[in-house]
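Single-letter residue listing:
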Amino acid sequence: MSSEIAININSLSKCYQIYDHPRDRLKQFLIPRFQKFLGLSPRKYYREYWPLKDISFQVKKGETVGIIGRNGSGKSTLLQMICGTLNSTNGTIQTNGRVAALLELGSGFNVEFTGRENIYINASILGLSKKEIDYKFNEIVSFADIGDFIDQPVKTYSSGMSIRLAFSIAASVEPEILVIDEALAVGDIRFQAKCFDRLHFLKATGTTILFVSHATDQIVKHCDRALLIDEGSLIQAGLPKDIVNCFMDLLYGNSEDNQRESGASGSGLLTSNRQTHSEGASRFSINELDEYANRLGWNPNEYRWGNEDAIILDYLILNNHGNHTIQLHSDEQYVIMMKVLLKQGVTNPVFGFYIKTIDGLLLTGSNSRDFPAKEQSSEIVDQVSGMFEVSFNFCPRFESGAYMISLGVAEDVAGTLIPLDRRYDSILVNIVNRNAYFGLVDLDTQCFVNSITNTQKEING
């Protein structure tokens, strides 16, 4: 294996034997042996279940790779085999460096021992000497922040306390490979922030990180690359934002029963049907001509799917003068409008939009279900078909730069959204912010400084 490769997975598979009755285990142990001895074909008394099937990939040193997939897709099985806690049926696993893992809550802990004792046990398993553990002990305890419980048996810990201690041990030993399986979802927000700060430090020092999470925004924000696994197979690997789009397609929009992939990229759902710019005559022509791809700002690399019971035919982004524009100012109001054709009777249509950064980080989004019924157009009723104009009023209070807007229409069936037409990352806009602030989002902050002696000064920020 190349010295630049931290993890090398080749044709990895795992098979479990599923027995319908306990007695079948005894039959499987005895009878096939006699059948083979007599020259007969051995009979199987079990069913095979393959949580992983012929998976191959590599992770480079210093790379952070996210793994996403539906529940039961084989993600945890894969990580357990990489960490050596589960044997593979077929294939090979090669790791280059010391591996620290955060798999299940308290995995590796002896619940009868105290936190202090478990620190020494787990850190020594990870390769640290007693002298090294002594040196790092206070750092581990401080990061875990579990107070006097450090000298109490782990069986008295809450799940959050167990994961605090487990992460603190794994991160403090400065592993060459760190494997995390959804563990950070257990901690509170403050602890999660500490964990991600530590992950950034480990990444900067060259640690390879393999990270499983259902939080797609974490995958986009923290990973260099992502893998999508479904039904035990590696479906796709690539840039996090592309893999997240593919995952959302798999999760919501591309089943054989009610979805057909339609062709390009965008992202989803929101709408306020306030009539600021849509009062009076429609801004769109009433014919069914699809003008979407001819509009300024359209992204030809959009990601699109839906069952085509509805089609988003056109869009406009209107400024205060009623003109279409993709150059937006953070201190001005705009209206996103879309023309939607409901091709046949749709029950409870839901319209929406998302705004994301260029690298795929979701910033804001909503949908028409989130607004009181009195604010929605009286034309939107339970069963509808025909042409509709939908508007979204917003103020783009973000830092200067390029952003992607996604539009969508879905059908609400007993609380479940069935995608009809979703156009992910389909509109590219540029936002200009002239205010002074820090970060991605401008809160239009105002600061007042009042002297308690004899002067008063107002500062607007």
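Residues numbered from 1 in each chain as written. Predicted model: local features only at pLDDT ≥ 70, side-chain atom pairs only at ≥ 80, totals over all residues. Heavy atoms only, no water.

(A) Spotlight on the pattern of salt bridges. In the structure shown here, the tally under the stated rule is 14 salt bridges. Note that E48 is salt-bridged to K44, the shortest N-O span being 3.2 Å. Accessibility expressed as a relative area gives 41% for E48, which makes it partly exposed. Among the ionic pairs, K203 bridges to D224, the shortest N-O distance being 2.8 Å. Note that K203 is positioned in helix α6 (residues 189–204) and D224 in the loop between α7 (216–222) and β8 (225–230), a separation of 21 residues in sequence. (Salt bridge = Lys/Arg side-chain N within 4 Å of Asp/Glu carboxyl O. Buried < 20%, exposed > 50% of the residue type's maximum accessible area, 1.4 Å probe, protein only. Helix = DSSP H or I, 4+ residues; strand = E, 2+ residues; numbered from the N terminus.)

(B) Molecular detail of the packing of helix α3 (residues 115–125) against helix α4 (residues 130–144). At a closest axis distance of 10 Å, the pairing of α3 and α4 adopts a crossing angle of 125°. Relative to α4, α3 is oriented oblique. You can see that α3 and α4 cross each other, and the crossing is right-handed. Here α3 contributes R116, I119, Y120, A123 and S124 to the contact with α4, which in turn contributes K130, I133, D134, F137, I140 and V141. A class-by-class count of the residues in the contact of α3 with α4 yields seven nonpolar, one polar and three charged. (Axes fitted to C-alpha atoms, helices over the stretch in contact; angles between N-to-C directions. Parallel < 35°, antiparallel > 145°, perpendicular 65-115°, else oblique. Left-handed = near helix turned anticlockwise from the far one by under 90°. Contact = heavy atoms within 4.5 Å. Nonpolar A, V, L, I, M, F, W, Y, C, P; charged D, E, K, R; others polar.)

(C) Region of the structure containing the sheet that holds strand β4 (residues 90–95). The strand order β2-β1-β4 describes an open sheet built from three strands, whose pairing is antiparallel. The open sheet has two edge strands with one neighbour each: β2 (47–60) and β4. Averaged over all adjacent pairs, the angle separating strand axes in this sheet is 20°, with direction ignored. As paired strands, strand β1 (residues 5–18) and β4 are joined by five bridges and run antiparallel to one another. Looking at β4, one finds that I9 is bridged to I93. (Pairing = 2+ DSSP bridges.)

(D) Structural view of the nonpolar core. With 49 residues, the main nonpolar core has I119, L165, F167 and L178 as its most contacted residues. Considering each element in turn, this core owes the most residues, eight residues, to helix α5 (residues 159–172). Apart from the residues within four sequence positions on either side, L178 is in contact with A100, A170, L199, L202, T207, T208, I209 and L210. In terms of nonpolar packing, the next biggest core, distinct from the first, is built from 30 residues, F351, V384, I427 and I431 among them. (Core = buried A, V, L, I, M, F, W, Y, C linked by side-chain atoms within 4.5 Å.)

(E) Geometry of the pairing of strand β15 (residues 349–357). By the criterion of burial, β15 is predominantly enclosed, with eight of the nine residues buried. Alignment of β15 against strand β18 (residues 401–413), held across nine bridges, turns out to be antiparallel. Across the sheet, residue T357 finds its bridge partner in β18, namely Y403. Pairing analysis gives five bridges linking β15 to strand β16 (residues 362–367), with the strands arranged antiparallel. Its bridge partner being in β16, I355 is matched across the sheet by T364. In sequence, β15 turns back onto β16 through a hairpin of four residues, with G360 there showing a positive phi of about 100°.

Note that every value here comes from positions in space, so none of it alone points to a role or purpose.
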